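# Residue-level structure breakdown
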Amino acid sequence: MIGTPAPRLKLNGLTKSFGGVHALSRADLAVMPGEIHGLLGKNGSGKSTLIKILSGFHKPDEGSLEIDGKPISLPIPLGGSEKIGLSFVHQNLGLLAEATVLENLIAGDHERVNSWFIDWNAEAKRAKLLFDRTHLSLDPWAIVGDLSPVKRAQLAIVRAVDRISSHNEHASPGLLVLDEPTPFLPMEDVRELFAMMRRLKDAGVSIIFVSHDIDEVLAITDRATVLRDGHVIDSFDTAQTDRAHIVEAIVGRAVAQERLVGDTPPAKGAGAEVTGLSGKTVSALSIDVAPGEILGLTGLIGSGYDEVLYLLAGALHARSGRLKMGENTHELAGMTPAAAIAAGIVFIPADRQKLGLALDLSLTENAMLPMAARGDDCLFLRHGAREATTAALMRQFGVKAEAPRQAASELSGGNQQKLLLGKWLQLSPSLILLDEPTQGIDVGARREIYERLLATCAQGAAVICATSEFEQLEMIAHRVLVFERGRVKAELIGSQVTKSAIEAACYGESRVHAPA
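Description of the structure in this document. (Residues numbered from 1 in each chain as written. Predicted model: local features only at pLDDT ≥ 70, side-chain atom pairs only at ≥ 80, totals over all residues. Heavy atoms only, no water.)

## Notes on the overall build of the protein
For the protein, the count of helices and strands is 16 helices and 20 strands. For a compact globule of 516 residues, the expected C-alpha radius of gyration is about 24 Å, and the protein comes in at 24 Å, within 12% of that figure. Here the C-alpha coordinates of the protein stretch approximately 75 × 60 × 50 Å along the principal axes. Residue pairs at least 24 apart in sequence account for 68% of intrachain contacts in the protein once pairs closer than 6 positions are excluded. Approximately 23,200 Å² of the protein is accessible, and the part contributed by carbon and sulfur atoms is 52%. If you average the places of the 52 positive and of the 62 negative side-chain charges in the protein, the two averages end up 1 Å apart. (Helix = DSSP H or I, 4+ residues; strand = E, 2+ residues; numbered from the N terminus. Rg over C-alpha atoms; globule rule 2.2 N^0.38 Å. Contact = heavy atoms within 4.5 Å. Areas by Shrake-Rupley, 256 points an atom, 1.4 Å probe, with all protein chains shown as cover. Lys, Arg positive; Asp, Glu negative; His and termini not counted. Charge placed at Lys NZ, Arg CZ, Asp CG, Glu CD.)

Rendered as structure tokens:
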């Protein structure tokens, strides 16, 4: 009789403190061979500390590690994880955009590749065989910066798996840690990435999938573990667990998913009126949003709903269109980001790390950039006053950081997003454009952001929110416009705004394109 196999990875009593504060406290984790295991928790729950211990970046205070039943000495030497069968793909992927796929694939693989002489043709042949085995259509000579986001993520994953097979001294398929790989991927790309993960699972690879997205964890994992304040709160089979149980484990209490806005949209008034807007996908679009209203835009990938925000903000060139705000009318074909800001429009993009914040700059420098764009205080830099203003902004928006001089790169995703909101909302805009405002953010931080948006709406601002998260729209949108092929396919108002109704509108047959 064949016994139960040893866990691919087993952690017992993992503990790590920083300045007397426990980032991890007696944490246990077991991942079986060929298992996809979710790791959930709020920002600051201990997920990153656990991963950094596994990668050799941190030395634990206590705890033990076994790989395939064999004890592994801690700390793991920095750079030694692959030898014990562990490899990591972080959210930034660690790829060089200017280099080729092949160059990225072999970069740093010093043990296998002779740095003095590289047989590029042989390496390209090896890469094609590797891609064929993993069902990927990647050209070894393509420039990584030209690849789609999901192709870049797939390249990072196949590179990590290849390093395990090349260097693992334990002769097993190994364990792959995917640290938030999906926040900036559209829904269709996430499905493609999940298909790749399932193929790796079928090949015996174990995967730790770190995510804030509970629905994704429920969809792709076999089991999951929740961390809170450094403690393991629960481990469970995801097929036998509902969303409400996971949310309660993450935040420590039940979080209601009720609508946060009334079923009656604000009365029409002098908010924003768009007529004849056309771009790459959007065609002859006319929409309006009232002061105090949150208008949701959604649809399937490629439907054009997310393009609307970029056209209104001047981030993409509009072929035609007009925007009326109060007594002022703006020709959208000539709109620029500077003109949008001057008109009282602010735009918060989905990719906060690349498009929203300057990560190498301090919190103060990031917070003050909109003021400089508007021309405020451009001749004299009063550093003390700027830091005081930033500190007040951090308190107002709940940004948790050591000091205003701290680099934005050191903040968690949720705190970066709250900083980004505060950075632009301090301008008291009339129209707020949001693209996926809570992407990659934990459940608790999402609630804070929703409440801040509602408070801003109560002061008379109009909000247009483009998102693929239907539950989010159910909670915060007064109205929802569902797009298809660049046009509005359906409008849901008030009590009609439910997740199921949005799904039905997205996937149901369009009246416009229905057969006669």
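Past the structure itself, the notes keep going.
## Section: the environment of Leu316
Examined against the element boundaries, Leu316 turns out to sit in the loop between helix H8 (307–312) and strand E14 (320–325). Distance from Leu316 to Pro337, taken between C-alpha atoms, is 9.3 Å for residues 21 residues apart in sequence. Aside from chain neighbours lying at most four places away, what touches Leu316 is Glu307, Tyr310 and Leu311.

## Structural notes on the environment of Leu95
When you line up the elements, Leu95 lands in the loop between strand E6 (86–89) and helix H2 (101–106). Between the C-alpha atoms of Leu95 and Asp242, which are 147 residues apart in sequence, the distance is 36 Å. Dropping the residues within four chain positions of it, Leu95 is found in contact with Asn104, Val144, Arg152, Leu155, Ala156 and Arg159.

## Some details on helix H4 (residues 149–167)
Compared with the 27 Å implied by 1.5 Å per residue over 19 residues, the 27 Å span of H4 between its first and last C-alpha is a close match. Counting buried residues along H4, 16 of its 19 residues qualify, which places the element largely inside the surrounding structure. (Expected span 1.5 Å × (residues − 1). Buried < 20%, exposed > 50% of the residue type's maximum accessible area, 1.4 Å probe, protein only.)

## Quick look at unusual backbone geometry
Between Leu74 and the following residue, Pro75, the backbone shows a cis peptide bond with an omega angle of 5°. Mapped onto the fold, Pro75 is located in the loop between strand E5 (70–72) and E6. In this structure, Ala284 is a non-glycine residue whose phi angle is positive, near 50°. Summarising the element assignment, Ala284 is placed in the loop between strand E11 (272–278) and strand E12 (285–289). Taking relative accessible area as the criterion, Ala284 reaches 47% and is therefore assigned partly exposed.

## Observations regarding the packing of aromatic side chains
Within the structure shown, the criterion is met by two aromatic pairs. Aromatic side chains Phe194 and Phe209 sit 5.9 Å apart centroid to centroid with 85° between the ring planes, which places their arrangement in the edge-to-face category. Remark: Phe209 occurs in strand E8 (residues 206–210) and Phe194 occurs in helix H5 (residues 187–202); sequence separation between them is 15 residues. On the accessibility criterion, Phe194 (6% relative accessible area) is buried. Above the ring of Phe397, the side-chain terminus of Arg452 is found at 4.7 Å from the ring centroid. (Phe/Tyr/Trp six-rings, centres within 6.5 Å; stacked < 30°, edge-to-face > 60°. Lys NZ or Arg CZ within 6 Å of the ring centre and 35° of its normal.)

## Observations regarding the packing of helix H13 (residues 413–425) against helix H14 (residues 443–458)
Each pair of packed helices can be summarised by the angle the axes make with each other and by the distance between the axes. Running from N to C, H13 and H14 cross one another at 10°; their axes reach a closest spacing of 10 Å. Compared by their axis directions, H13 and H14 come out roughly parallel. Where H13 abuts H14, its residues Gly414, Gln417, Lys418, Leu421 and Leu425 lie against Ala445, Glu448, Ile449, Arg452, Leu453 and Thr456. A class-by-class count of the residues in the contact of H13 with H14 yields five nonpolar, three polar and three charged. (Axes fitted to C-alpha atoms, helices over the stretch in contact; angles between N-to-C directions. Parallel < 35°, antiparallel > 145°, perpendicular 65-115°, else oblique. Nonpolar A, V, L, I, M, F, W, Y, C, P; charged D, E, K, R; others polar.)

## Quick notes on the sheet that holds strand E4 (residues 62–67)
Ordered in space as E2-E1-E4-E5, the four strands form an open sheet in which the pairing is antiparallel. Only two strands of the sheet have a single neighbouring strand rather than two, namely strand E2 (21–31) and E5. Taking the axes of each pair of neighbouring strands and ignoring which way they run, one obtains an average angle of 25° across the sheet. Sheet topology places strand E1 (residues 9–18) next to E4; five bridges connect them, and they run antiparallel. For Leu11, the partnering residue across the bridge sits in E4 and is Leu65. (Pairing = 2+ DSSP bridges.)

## Brief notes about the pattern of salt bridges
All told, the structure shown has 17 salt bridges when counted by the stated rule. A salt bridge links Glu471 to Arg243; the nearest nitrogen and oxygen atoms lie 3.4 Å apart. Separated by 228 residues along the polypeptide, Glu471 in helix H15 (residues 470–476) and Arg243 in helix H7 (residues 243–251) bring together distant segments of the chain. Glu387 serves as the salt-bridge partner of Arg405, at 2.6 Å between the closest nitrogen and oxygen. One end of the pair, Arg405, is in the loop between helix H12 (383–397) and H13; the other, Glu387, is in helix H12, with 18 residues separating them in the sequence. The exposure class assigned to Arg405 is exposed, which follows from its relative accessible area of 65%. (Salt bridge = Lys/Arg side-chain N within 4 Å of Asp/Glu carboxyl O.)

## Overview of the environment of Val89
Within the fold, Val89 resides in strand E6. Discounting chain neighbours no more than four positions away, the residues touching Val89 are Ala156, Ile157, Ala160, Leu176, Val177, Leu178 and Asp179.

## Brief notes about the sheet that holds strand E16 (residues 345–348)
Within the open sheet, the six strands sit side by side as E16-E17-E18-E13-E19-E20. Their pairing is mixed. For this open sheet the edge positions go to E16 and strand E20 (487–493), each flanked by a neighbour on one side alone. On average, each strand axis in the sheet is tilted by 20° relative to the strand beside it, whichever way the strands run. Across five bridges, strand E17 (residues 431–435) lies against strand E18 (residues 462–466) in parallel orientation. Considered in E18, the bridge of Leu431 is made with Ala462.

## Let's talk about the nonpolar core
In this structure, Phe131, Leu155, Ile157 and Leu176 are the most contacted members of the largest nonpolar core, which totals 50 residues. No other element matches the eight residues that H4 contributes to this core. In this structure, Ile157 is in contact with Val89, Leu176, Leu178, Leu193, Met196 and Leu200, ignoring residues within four places of it in sequence. By size, the runner-up hydrophobic cluster in this structure holds 34 residues, among which are Ile348, Leu393, Val399 and Leu453. (Core = buried A, V, L, I, M, F, W, Y, C linked by side-chain atoms within 4.5 Å.)

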